[in-house]
Amino acid sequence: MKVFRSVQEVPDGFGPSAVTIGKFDGVHTGHRAVIARLCEVAASGGLTPTVITFDRNPLELLAPEKCPTALVSVEQKLDLLAGTGVEATLIVPFDRALADLSPEEFVQHILVDRLHAAAVLVGSDFRFGRRGAGDVEMLRAFGETYGFVVHLIDDVRPEHGRRVSSTWIRELLADGDVAHAGELLGHIPTLRGVVVHGAKRGRELGFPTANLSPESEGLIPADGVYAGWLTDGGERYPAAISVGNNPTFEGVPQKQVEAYVLDRDLDLYDHHVEISFVERIRGMVAYAGIEPLIAQIADDVAQARSILQPENAN
């Protein structure tokens, strides 16, 4: 997949293209349905399937107090988009200059002049241009003027009529329901970051953990213990993962993420790793002493093993 990090990076002669536009936070199953349709339209017309997305949530600039935490970083988003069949992604810096473009300027400067769009796929609630003045009908009118066709894409509604959305997935992660979030995402919720030195309490208890840097990429789920995977350099290891401030001990920073790789003691310091959450085992609990805590961790590890490797579980 080609990646253009500004409109100016798109080469002359690019396209003609089929384009869809959105935040694509999480690249969830709703997004994937749109992209699958995009690739179909592109293939039928000999076009280049292209995604336009942004370097941040537009609300970060327009209404910071309303801006939610992103499900994935820009780099995670690009990795996910690369697996969808899209041939090119344009990341537009969402700055004041972009926000101030009129709807027609947005269409002309980006869709027409740079991407040579022949087809544009959007949802019914799509808005564009200064103060969101442009809507689907306006886009269709511009299509007639500039020579592209607008395709309206239906929402994906897998359960009880609720539309798959990044908001719904955030709610699930806030509840610790990583399994359901993973179903809606179409992939396992994953953090990415550097392994740093911790207090080494896990090692003292007999369960050495890899502690993820607080500057990790991705949305951290609710406090608790999870079964999941740690991936390092292409190698994936089953793990029991703890999220939270470890209430048995004082002075532990909030939202610490640490993973115990089952039955392995790996030297992962300074490694860039991914930690993926398959299923929540329990919430975070304070214990009266070390022995009950060790017994609980041993049970957590057994449950994680059963979830991740059921054929090998005791």
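Higher on the page you've got the structure.
Please read all numbers here as calculations on a predicted model, not as lab measurements.

*Asks:* Before we go on, may I ask you to explain the sheet that holds strand β10 (residues 235–244) in this structure?
*Replies:* By way of backbone hydrogen bonds, the strands of a sheet pair with one another, either parallel or antiparallel. Read around the closed barrel, the six strands follow the order β7-β8-β11-β10-β9-β12; overall the barrel is antiparallel. Pairs of neighbouring strands in the sheet enclose a mean axial angle of 45 degrees, with direction left out of account. Contacts from helix α8 (residues 178–185) reach β9 (224–232) and β12 (272–282), with the element oriented near 120 degrees to β12.

*Asks:* So what exactly am I meant to see when it comes to the pattern of salt bridges here?
*Replies:* Where side chains of opposite charge bring their charged atoms close, a pairing between them can arise. Enumeration according to the criterion identifies 14 salt bridges in this entry. Arg162 serves as the salt-bridge partner of Glu171, at 3.1 Å between the closest nitrogen and oxygen. Between Glu274 and Arg192 there is a salt bridge; the shortest N-O distance is 3.1 Å. Residue Glu274 is located in strand β12, and its partner Arg192 is located in strand β7 (residues 190–196); the two are separated by 82 residues in the primary sequence. For Glu274, a relative accessible area of 26% gives the class partly exposed.

*Asks:* Even after reading the chapter, I still don't get the sheet that holds strand β6 (residues 149–153), so can you show me in this structure?
*Replies:* Spatially, the six strands line up as an open sheet ordered β1-β4-β3-β2-β5-β6, and their pairing is parallel. Every interior strand has two partners, whereas the edge strands, β1 (2–4) and β6, have only one. The average angle at which neighbouring strand axes cross in this sheet is 20 degrees, direction not considered. Judged from the five bridges that link them, strand β5 (residues 117–123) and β6 form a sheet pairing that is parallel. When the bridges of β6 are listed, Leu121 appears paired with His151. Against the sheet, helix α3 (residues 74–82) touches β1, β3 (48–54) and β4 (88–92), its axis set at about 160 degrees to β4.

*Asks:* Would you mind going over the packing of helix α7 (residues 166–174) against α8 with me for this structure?
*Replies:* Pairs of packed helices are described in terms of their axes, by the angle between the two and the distance that separates them. Where α7 contacts α8, the axes come no closer than 8 Å and their chain directions differ by 160 degrees. For the element pair α7 / α8, the angle class is roughly antiparallel. The two elements α7 and α8 meet at a crossing, and its hand is left-handed. Contact residues: Trp168, Ile169, Leu172 and Leu173 in α7; Val178, His180, Ala181, Leu184 and Leu185 in α8. For the contact of α7 with α8, a count of residues per class yields eight nonpolar, one polar and no charged.

Scoring rules and cut-offs
- Residues numbered from 1 in each chain as written.
- Predicted model: local features only at pLDDT ≥ 70, side-chain atom pairs only at ≥ 80, totals over all residues.
- Heavy atoms only, no water.
- Pairing = 2+ DSSP bridges.
- Helix = DSSP H or I, 4+ residues; strand = E, 2+ residues; numbered from the N terminus.
- Axes fitted to C-alpha atoms, helices over the stretch in contact; angles between N-to-C directions.
- Contact = heavy atoms within 4.5 Å.
- Salt bridge = Lys/Arg side-chain N within 4 Å of Asp/Glu carboxyl O.
- Buried < 20%, exposed > 50% of the residue type's maximum accessible area, 1.4 Å probe, protein only.
- Parallel < 35°, antiparallel > 145°, perpendicular 65-115°, else oblique.
- Left-handed = near helix turned anticlockwise from the far one by under 90°.
- Nonpolar A, V, L, I, M, F, W, Y, C, P; charged D, E, K, R; others polar.

That's the geometry; what it means functionally is another story.
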